[in-house]
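This is what each chain is made of:
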Amino acid sequence: MVRRTKEEAQQTRCHIMNMALDLFCRQGLAKTSLTDIAKAADLTRGAIYWHFKNKEELFVALWEELCQPLSHQLDASLNPEEPDPLGRLRLFLHSALLKITREPGHRQMFTIMYSLETIEVEGEAFTLREHIHKESRRFAQDLERSLANGVRKGQLPADLDLARAATLLHCTLDGYILNWLHFPERVDLAKEADYLLDCLFLQLHHMPARRD
């Protein structure tokens, strides 16, 4: 009986998260309340509060479920003992691009992330945007560390400007994902993933020296 109760509680939690993700994506994070989520999930507000104390905690739970497992795939390229950090980095980026195109939950999460950058937010929504910014900065730092491993292993030029190269990767990938979300008829992200990464990794080997 106890096990069944725990399983039912977990099913309810997953149901709440799925409804919340759908509403956050369709209505916007700032405009979606816990009451909206309770109504969509056919639950009481009390049932929502039993699992999540507020909207911030609910969104962070969604982030951890969808984005953290993906980000952990980058760990191999961050390992100083990894013999092929550049290959591992490319494998991670290719996997991430395909996951965004093939799995609705990841596509919805990226839609929410980008939409928060285009509107005025305050309160909980502002706090959540700051959470996303923090994770984005961490990702940029991890890209830089991965490229530094590539330099140490002789896979990239010794004089590579790591910060600029990481920014190039991050911004170009964001731009492709954003364009795919808005103009799927123009950008086939799954089909273009290999071409995009080929171009980016080729450019890493031929980046000009920084001009200060």
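Going by an unreviewed UniProt entry, the protein chain carries the name TetR family regulatory protein and comes from Aeromonas molluscorum 848.

Once that is clear, we can look at the packing of aromatic side chains. We describe a pair of aromatic rings using the distance from one ring centre to the other and the angle between the two ring planes. By the definition in use, this model includes three aromatic pairs. Between Arg 186 and the ring centre of Phe 183, over which it is positioned, the NZ or CZ distance is 4.4 Å.

Let us look at the UniProt feature "domain: HTH tetR-type" (unreviewed entry) in the protein chain. As annotated by UniProt and renumbered to match this structure, "domain: HTH tetR-type" (unreviewed entry) occupies residues 10-70. Along residues 10-70 one finds 79% helix and 0% strand; the C-alpha atoms at either end are 22 Å apart.

Its place among the elements puts Trp 63 in helix α4 (residues 55-66). It is 9.8 Å that separates the C-alpha atoms of Trp 63 and His 131, two residues lying 68 residues apart in sequence. In contact with Trp 63, other than residues within four places in its own chain, are Gln 68, Met 109, Met 113, His 131, Ile 132 and Glu 135.

Mapped onto the elements of the fold, Leu 147 is located in helix α9 (residues 124-152). Here the alpha-carbon distance between Leu 147 and Asp 194, two residues 47 residues apart in the chain, equals 19 Å. Every residue in contact with Leu 147, bar those within four places of it in the chain, is listed here: Leu 86, Leu 89, Leu 156, Leu 162, Ala 165, Ala 166, Leu 169 and Leu 204.

About the cut-offs
- Residues numbered from 1 in each chain as written.
- Predicted model: local features only at pLDDT ≥ 70, side-chain atom pairs only at ≥ 80, totals over all residues.
- Heavy atoms only, no water.
- Phe/Tyr/Trp six-rings, centres within 6.5 Å; stacked < 30°, edge-to-face > 60°.
- Lys NZ or Arg CZ within 6 Å of the ring centre and 35° of its normal.
- UniProt positions renumbered as here; feature names shortened; annotations may be inferred.
- Helix = DSSP H or I, 4+ residues; strand = E, 2+ residues; numbered from the N terminus.
- Contact = heavy atoms within 4.5 Å.

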